[in-house]
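Descriptive structure summary
In case you want the letters, here they are:
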Amino acid sequence: MEEAIEPSTSASDTQEAELEDRVVFIPEVDVVITEEPVNAEDPLDIESIEDLVENEKSKKTRPKHRCDACSYSSYYKSDLRRHMKVAHEGVRYRCDECDYAATRTAHLRAHKESKHDGVRYPCSYCSYLATEKKNLKRHIESRHVGIRYYCYLCDF
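Summary of the structure given here. (Residues numbered from 1 in each chain as written. Predicted model: local features only at pLDDT ≥ 70, side-chain atom pairs only at ≥ 80, totals over all residues. Heavy atoms only, no water.)

1. Side note on the overall build of the protein
Note the cut-off: Helix numbering and strand numbering both begin at the N terminus, where a helix is a DSSP run of H or I of at least 4 residues and a strand a DSSP run of E of at least 2. The buried label applies to any residue whose accessible area, calculated with a 1.4 Å probe on protein chains only, is under 20% of its type's maximum; exposed applies above 50%, and partly exposed to all values in between. Throughout, a contact is declared for two residues whenever any of their heavy atoms are within 4.5 Å.
Within the protein, the secondary structure is distributed over 5 helices and 6 strands. For the protein, the sequential pattern of α-helices and β-strands runs α-α-β-β-α-β-β-α-β-β-α. Classification of the 156 residues of the protein by burial places 13% in the buried group. Within the protein, contacts between residues separated by at least 24 positions form 11% of all contacts whose residues are at least 6 apart in sequence.

2. A short note on the packing of aromatic side chains
Applied cut-off: For Phe, Tyr and Trp, rings pair up if their centres lie within 6.5 Å, where Trp contributes its six-membered ring, and each pair is then called stacked (planes under 30 degrees apart), edge-to-face (over 60) or tilted (otherwise).
Following the criterion strictly, the structure yields 1 aromatic pair and no others. Relative to Y76, the ring of Y75 lies with its centre 5.1 Å away and its plane at 85°, an arrangement referred to as edge-to-face. Since its relative accessible area comes to 37%, Y76 is described here as partly exposed.

3. Notes on the side chain of H83
In plain terms, the rule: Throughout this description, a polar contact denotes any pair of N or O atoms lying within 3.5 Å of each other; where both atoms belong to protein, one of them has to be capable of donating a hydrogen while the other can accept it, and for residues adjacent in sequence the pair is counted only when both atoms sit in side chains.
Here H83 lies in helix α3 (residues 77–88). Looking at H83, its side chain comes within polar contact range of the side chain of H88, at 3.1 Å. For H83, the residues in contact, after removing those within four places along its chain, are C67, C70, Y72 and H88.

4. Topic: the pattern of salt bridges
Which entries qualify depends on this criterion: Salt bridges are defined as contacts in which a side-chain nitrogen from Lys or Arg sits within 4 Å of a carboxyl oxygen from Asp or Glu.
One pass over the structure, following the stated rule, counts 4 salt bridges. Linking R82 and D79 is a salt bridge whose minimum nitrogen-to-oxygen distance equals 2.8 Å. On the criterion of helical spacing, the pair formed by R82 and D79 is a turn pair, its members being 3 residues apart in helix α3. Taking the shortest distance from any N to any O, the salt bridge between K137 and E141 comes out at 2.7 Å. In this pair, K137 and E141 both sit in helix α5 (residues 133–145), 4 residues apart, roughly one turn of the helix.

5. Observations regarding the side chain of S114
Mapping S114 onto the fold places it in helix α4 (residues 105–116). Residue S114 is classed as buried on the basis of its relative accessible area of 8%. Once residues within four sequence positions are removed from consideration, S114 is found in contact with V119, R120 and T131.

6. Considering α5
Taken residue by residue, α5 has L136, H139, I140 and E141 as its buried positions. Looking at the buried side of α5, the elements it contacts are β5 (121–122) and β6 (129–130). Looking at the residues trailing α5, positive phi occurs at G146, about 100°.

7. A closer look at the environment of Y100
With respect to the helices and strands, the residue Y100 is situated in the loop between β3 (93–94) and β4 (101–102). Since its relative accessible area comes to 31%, Y100 is described here as partly exposed.

8. Some words on the state of the cysteines
This is how it is decided: Criterion for a disulfide: a pair of cysteine sulfur atoms at a distance within 2.5 Å.
Applying the stated criterion across every chain, the model contains 0 disulfides. Unpaired in terms of disulfides, C98 finds its nearest cysteine sulfur in C95, a separation of 3.8 Å.

Geometric descriptors of this kind do not, in isolation, establish any biological role.
Take a look at the structure:
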């Protein structure tokens, strides 16, 4: 009986594999959910799935809901409702501990956690402490994974 031979790995390969195991990537992708497969013949038909995703993206570029008071428009009615409250009705969510006022409840919650509750998100690779999860994700990607973020206004 033949034995399987394992390929040898260097220390850097092992460290890289450990790093990959510890990093969680959360891609920003539009997810399309359907009741039935895209193609009944082949449920994983890549061309059909790509066409479906393109169709969904094009829908978002054709806003259905327009603001009567300004030029704002959105594909989603909920976004228009939020816009109306914030831009035209002046709705703000005020912090009860300082003068901060947010346009969204999620922003107020993040403010209170980082400024008043002292919540921090520690990096598992260095001593960096983020005040928000999204900042920790960006830190790990740029400092430890090697993803570069470029300025859209200049060459930096």
